[in-house]
Amino acid sequence: MFTATLIASGTLTAGDISTAMDRLRDAGCAPGASGWIDEGEAADLIFGMAPDAARVALEGAFVGTDVVVQSSVTRTKTLLVADMDSTMITVECIDELADYAGIKLQIAEITERAMRGELDFEAALDARVALLKGLAESDIERCLAERVKIMPGAKALVRTMRSRGALAVLVSGGFTRFAEPVAKEIGFDRAIANVLKIEGGTLTGTVTKPIVGSNTKLTTLHAAITERGIAVEESLAVGDGANDLAMIEAAGLGVAYHAKPIVAAAAAARIDHGDLTALLYAQGIAKQHWLLD
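Quick caveat, the model's predicted, so the values are computed rather than measured.

K.L.:
Can you tell me about the overall build of the chain, naming the residues and giving the values?
P.N.:
Assigned secondary structure in the chain consists of 12 helices and 12 strands. Relative to its length of 293 residues, the chain is compact, with a C-alpha radius of gyration of 20 Å against a globular reference of 19 Å. Each principal axis of the C-alpha atoms in the chain carries an extent, and together these give about 65 × 35 × 30 Å. With 293 residues in all, the chain has 52% of them scored as buried. The average position of the 27 basic charges and that of the 39 acidic charges among the side chains of the chain differ by 3 Å.

Next up, the structure:
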């Protein structure tokens, strides 16, 4: 059996559910039962076959509504591996840090191209960090305090999953000086990121090698699955950029979160409208069971 979860922000109606069931029927998916997780916010539709056809039939069919299609058996996840920049926080840290050096537009353009998969991530990171040479170490703390904001729903997602026994790992192509405090604030078990080299209170323009990139994210996912002794299907990976794509494709449920086109096109699920609590609804967890701030 399979579950299609419709997720909206108070706009979902009984009529939408009825229409969705009709769409599943017309697509040959053998729909069965349906029901609310939280009325108006999220609903589950159970069906018997053709999950790819179900996704095609439902995605984009309802305004402001995200759709997650998956096996009913393994929808509960016991591992979360998440990207940081533009996923668990609302900004790209390197772009904001560059603003303190007066070169945000120059670096942000490279970041955007790297996240779209147009540039090699590791080479692009080296190039951007080199442009930060001479920036004061104190600007890192200023940036963290003034610019870094937690993504809506991040704390509820991580804390709720951990309260139910899941392992949560933050793995970022950004920097430990941001990832470690962000992970602590949100509630992750651990954080993995790049280390900026600093000498005499200023950035040297380099990072410790090897760079945390796509391969590290994928390796982190596999290692955590082994560590927990779980099936791949019990894992959830979420991110927005091209360097997240390998782990998203390898996870039991790989989610593109407000993602770049290359990621959205390849991921098993997309969240284009809602916040990160959509990933709790995807697991069938009603709002009354969320751990909020």
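Past the structure itself, the notes keep going.
K.L.:
Could you give an account of the sheet that holds strand β12 (residues 269-271), with specific residues and numbers?
P.N.:
The strand order across the open sheet formed by 6 strands is β7-β6-β5-β10-β11-β12, and the pairing between neighbours is parallel. The open sheet has two edge strands with one neighbour each: β7 (190-194) and β12. Taken over all neighbouring pairs, the strand axes of this sheet differ in orientation by 20 degrees on average, direction set aside. Bridge count for strand β10 (residues 235-239) against strand β11 (residues 253-257) is 4 bridges, and the pairing is parallel.

K.L.:
Let's hear about the side chain of Lys217: which residues, and what values?
P.N.:
For Lys217, the position within the fold is in helix α9 (residues 214-228). In contact with Lys217, not counting residues within four places along its chain, are Asp83, Val171, Ser172, Gly173, Asn243, Asp244 and Met247.

K.L.:
Tell me about the pattern of salt bridges, and please be specific about residues and values.
P.N.:
Counting across every chain of the model gives 22 salt bridges. Between Arg270 and Glu59 there is a salt bridge, with its nearest N and O atoms 3.3 Å apart. Taken as a pair, Arg270 in strand β12 and Glu59 in the loop between α2 (51-58) and β4 (66-71) lie far apart in primary sequence, 211 residues in all. On the basis of relative accessible area, Arg270 is assigned to the partly exposed category, the value being 24%. Overall, the relative accessible area of 23% leaves Glu59 in the partly exposed class. A salt bridge links Asp83 to Lys217, with the nearest nitrogen and oxygen atoms 2.9 Å apart. Of the two residues, Asp83 sits in the loop between β5 (79-82) and α3 (93-99) while Lys217 sits in helix α9, which places them 134 residues apart along the sequence. Like Lys217, Asp83 is buried. Connected through shared salt-bridge partners, Arg55, Glu59, Arg270 and Asp272 make up one network.

K.L.:
Tell me about the state of the cysteines, and name the residues and values.
P.N.:
Inspection of every chain in the model, using the stated rule, returns 0 disulfides. With no disulfide of its own, Cys93 lies closest to Cys143 among cysteine sulfurs, the gap being 6.0 Å.

K.L.:
Provide a residue-level description of α9, including the pertinent values.
P.N.:
Compared with an ideal rise of 1.5 Å per residue, which puts 15 residues at 21 Å, α9 spans 22 Å between its outermost C-alpha atoms and is within 8% of the ideal. Check the buried side of α9 and you find it contacts β5, β6 (167-175), β7, β10 and α10 (245-250). The first or second residue beyond α9 is Gly229, which carries a positive phi of 65 degrees.

K.L.:
Tell me about the environment of Ala42, and please be specific about residues and values.
P.N.:
With respect to the helices and strands, the residue Ala42 is situated in strand β3 (residues 42-47). Placed 25 residues apart in sequence, Ala42 and Ile17 show a C-alpha to C-alpha distance of 9.9 Å. Sequence-distant contacts of Ala42, that is, excluding residues within four places in its chain, are made with Leu6, Ile7, Leu12, Trp36, Ile37 and Tyr281.

K.L.:
I'd like a description of the sheet that holds strand β2 (residues 31-38), backed by residues and values.
P.N.:
Taken in spatial order, the 4 strands line up as β2-β3-β1-β4 in an open sheet, and their pairing is antiparallel. Only two strands of the sheet have a single neighbouring strand rather than two, namely β2 and β4. Along the sheet, successive strands turn relative to each other by an average axial angle of 20 degrees, direction set aside. Relative to β4, strand β1 (residues 2-7) runs antiparallel, the two sharing 6 bridges. Considered in β4, the bridge of Thr3 is made with Gln70.

K.L.:
Outline the packing of helix α6 (residues 138-146) against helix α8 (residues 176-186), listing residues and values.
P.N.:
Axis separation between α6 and α8 bottoms out at 10 Å; the angle between their running directions is 40 degrees. With respect to α8, the axis of α6 lies oblique. Once α6 is placed against α8, the crossing between them reads as right-handed. Judged by residue contacts, Ile140, Glu141, Cys143 and Leu144 of α6 engage Arg177, Phe178 and Pro181 from α8. The residue inventory of the contact of α6 with α8, partitioned by class, reads 5 nonpolar, no polar and 2 charged.

K.L.:
How would you explain the nonpolar core if you had to name every residue and give the values?
P.N.:
Counting 66 residues, the largest nonpolar core has Leu80, Met88, Leu97, Leu132, Phe178 and Phe188 as the members making the most contacts within it. Membership of the second largest hydrophobic core comes to 19 residues, among which are Val171, Leu221, Ala224 and Val263.

K.L.:
Give a detailed account of the packing of aromatic side chains, specifying residues and quantitative values.
P.N.:
One pass over the full model with this rule turns up 2 aromatic pairs. Each ring, one from Phe2 and one from Phe47, has its centre 5.6 Å from the other, and the planes form 25 degrees; the classification is stacked. Of this pair, Phe2 sits in strand β1 while Phe47 sits in strand β3, and the two are 45 residues apart along the sequence. Of the residues examined, Phe2 reaches a relative accessible area of 21% and is grouped as partly exposed. Since its relative accessible area comes to 0%, Phe47 is described here as buried. The interplanar angle of 65 degrees and the centroid separation of 5.1 Å between the aromatic rings of Tyr281 and Trp290 together place this pair among those described as edge-to-face. Given the relative accessible area of 2%, Tyr281 is considered buried.

Criteria and cut-off values
- Along each chain, the written sequence defines residue order, and numbers are assigned to residues from 1.
- Local features in this predicted model are restricted to residues whose pLDDT is 70 or higher, and side-chain atom pairs enter the listing and the counts only when it is 80 or higher, whereas totals over whole chains, interfaces and linings include all residues.
- Processing note: side-chain calculations cover all non-hydrogen atoms of the structure and skip hydrogens and water entirely.
- In this description a helix means any DSSP run of H or I spanning at least four residues, a strand means any run of E spanning at least two, and both kinds are numbered starting from the N terminus.
- In this setup the radius of gyration rests on C-alpha atoms only. A globule is expected at 2.2 Å times the number of residues raised to 0.38.
- Accessibility here uses a 1.4 Å probe with only protein chains present; expressed as a share of the type maximum, an area under 20% marks a residue as buried, one over 50% as exposed, and anything in between as partly exposed.
- Here the positive residues are Lys and Arg and the negative ones are Asp and Glu; neither His nor the chain ends is included.
- Here the site of a charge means NZ on Lys, CZ on Arg, CG on Asp, or CD on Glu.
- Paired strands, as defined in this entry, are two strands with at least two bridges between them according to DSSP.
- To obtain an axis, a line is fitted to C-alpha atoms, over the contacting stretch when the element is a helix, and the angle between two such axes runs from 0 to 180 degrees between their N-to-C directions.
- Pairs of residues are marked as contacts when any of their non-hydrogen atoms sit within 4.5 Å.
- Within this document, salt bridges are pairs made up of a side-chain nitrogen of Lys or Arg and a carboxyl oxygen of Asp or Glu, the two lying within 4 Å of each other.
- Whenever a pair of cysteine sulfur atoms sits within 2.5 Å, that pair is classed as a disulfide.
- One fewer than the residue count of a helix, multiplied by 1.5 Å, yields its expected span.
- Just so you know how the angles are binned, under 35 degrees is roughly parallel, over 145 roughly antiparallel, 65 to 115 roughly perpendicular, and the rest oblique.
- Throughout, a crossing is termed right-handed when the near helix is turned clockwise from the far one, and left-handed when it is turned anticlockwise from it by less than a right angle.
- Residues are sorted three ways: Asp, Glu, Lys and Arg are charged, Ala, Val, Leu, Ile, Met, Phe, Trp, Tyr, Cys and Pro are nonpolar, and all the rest, Gly among them, are polar.
- Note on terminology: a nonpolar core comprises buried Ala, Val, Leu, Ile, Met, Phe, Trp, Tyr and Cys residues joined through side-chain atoms within 4.5 Å.
- Between the rings of Phe, Tyr and Trp (Trp by its six-membered ring), a pair exists once the centres lie within 6.5 Å; its type follows the angle of the planes, with under 30 degrees stacked, over 60 edge-to-face, and the other angles tilted.

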